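Chain by chain, the residues:
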Amino acid sequence: MEKKYSWQVIDGFWLIVVALVLMTIDHIGAFMETYQCASVATEVLRTIGRLAFPLFIFLLVEGVRHTKNYGKYALRLGIIAAITMIAQIIIYYCFDSGISTAYSPLLDLLACSCVIYLIKRKDKFTWLIFLPLAWIFISFAIDSYELMNNATVHWFPFYLRCGYSIYGLLLALCFYFANILGKWFLSSSENTRAFVDTKVERNVINILSVFSIFLCWIVIFILKNINPGLDLYGANMTSYAIIGGALIMLYNGERGYNKAWFKYGSYLYYPVHLVVLFLIF
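Residues numbered from 1 in each chain as written. Predicted model: local features only at pLDDT ≥ 70, side-chain atom pairs only at ≥ 80, totals over all residues. Heavy atoms only, no water.

**Considering the layout of surface pockets**
Size it by volume and the second largest pocket reaches roughly 220 Å³. Along the wall of the second largest pocket there are 14 residues; nearest its centre are Asp197, Thr198, Arg202, Asn252 and Gly253. At the level of secondary structure, the elements contributing two or more residues to the lining of the second largest pocket comprise helix H3 (52-66) and helix H8 (199-226). With four residues, H8 is the single largest residue contributor to the lining of the second largest pocket. Of the residues in the lining of the second largest pocket, the class split is one nonpolar, six polar and seven charged. (1 Å grid on protein atoms, 1.4 Å probe; cavity = no way out; pocket = protein on both sides within 12 Å on 5 of 7 lines; lining within 4 Å. Points joined across faces, edges and corners; volume = space filled by probe spheres on them. Helix = DSSP H or I, 4+ residues; strand = E, 2+ residues; numbered from the N terminus. Nonpolar A, V, L, I, M, F, W, Y, C, P; charged D, E, K, R; others polar.)

Structure follows, in structure tokens:
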């Protein structure tokens with residue numbers, strides 16, 4: 001039965017590498033869009049980049065589920081988010097560049113990691129979940145208000161907001177409960193109980209995770225049709241994120257290569273590559 005699922009060949013290391021590459025492609029497209037470069041190439045690059053964010057959220061949920069010290073995990077993420085925020089503030093106030101108002105998905109990752117961690121705790125501290133949820137929903141509300149009214153809310157600047165807000169939260173929750181639902185599904189029957197903690201279980205979880213991406217896209221598509229001002233994530237282009245499900249289907253549930261240089265380097269890559277692209281353009 002194990003051989004039947006031999007397509008599960010991608011571990012966490014390679015999933016991170018692929019996500020970083022896709023993110024870089026997306027940001028090259030974003031800079032090209034800002035500086036009005038070739039429109040067709042820009043659209044292609046940005047479309048390819050739509051695959052990155054669901055992969056990062058998927059990896060985030062896996063990380064929070066398996067980490068033995070969430071405090072250190074959140075601290076690393078928070079430090080890099082703070083460095084990125086400082087860079088954004090400097091670029092915004094010192095340079096005349098439209099790209100300076102781009103949101104940092106690191107804030108989404110930090111907020112979503114808090115939500116998943118507090119759900120996972122199931123103790124007296126779980127009530128604190130309202131803090132990251134408030135951050136996410138306020139970000140969504142203000143972004144929607146600005147888009148619908150062509151206005152700018154100065155008291156809550158872009159560099160403090162969760163840019164993917166509701167979309168990121170839905171992905172994180174769906175990926176987290178996909179693990180719970182997959183294990184429950186197999187353990188609920190005597191005939192399938194033997195497959196718990198095997199590649200079969202991993203395959204079920206992967207399938208549910210892929211369906212989660214589609215389900216979340218349906219939600220943002222509905223929001224777009226309710227009011228164009230709620231189309232904060234570009235529903236048409238975001239539909240391509242579902243293709244990223246093919247990579248999740250190849251995931252084997254293992255961490256893979258995790259040396260210190262790569263662990264910390266993958267965090268630092270985000271602000272560093274943005275600064276490099278900014279200087280180039």
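**Notes on the packing of helix H7 (residues 165-187) against H8**
When two helices pack together, their arrangement is given by the angle between the helix axes and by the axis-to-axis distance. Running from amino to carboxyl end, H7 crosses H8 at an angle of 145 degrees, the nearest separation of the two axes being 8 Å. The handedness of the crossing between H7 and H8 is right-handed. Tallied by class, the residues present in the contact of H7 with H8 amount to 17 nonpolar, four polar and three charged. (Axes fitted to C-alpha atoms, helices over the stretch in contact; angles between N-to-C directions. Left-handed = near helix turned anticlockwise from the far one by under 90°.)

**Notes on helix H2 (residues 39-49)**
Within H2 the residues assigned to the buried category are Thr42, Thr47 and Gly49. Seen end-on, H2 carries its buried residues on one side only, within an arc spanning 155 degrees. (Buried < 20%, exposed > 50% of the residue type's maximum accessible area, 1.4 Å probe, protein only. Arc of directions from axis to C-beta.)

**A closer look at unusual backbone geometry**
What is expected of a backbone is that most residues other than glycine have negative phi and most peptide bonds are trans. If you check the backbone angles, Asn150 has positive phi at about 50 degrees while not being a glycine. The phi angle at Asp197 is positive, at roughly 60 degrees, despite the residue not being glycine. Along the chain, the position of Asp197 falls in the loop between H7 and H8.

**A word on helix H4 (residues 70-94)**
With 25 residues, H4 extends 36 Å between its outermost C-alpha atoms, agreeing within 8% with the 36 Å of an ideal straight helix rising 1.5 Å per residue. Here H4 has its buried residues at Tyr70, Tyr73, Ala74, Arg76, Leu77, Ile80, Ala81, Thr84, Gln88 and Ile91. Against the buried residues of H4 lie H3, helix H5 (105-121) and helix H11 (260-280). Its side-chain oxygen 3.2 Å from the backbone nitrogen of Gly71, Asn69 forms the N-cap of H4. (Expected span 1.5 Å × (residues − 1). Contact = heavy atoms within 4.5 Å. Polar contact = N/O pair within 3.5 Å; in protein donor to acceptor, adjacent residues only side chain to side chain.)

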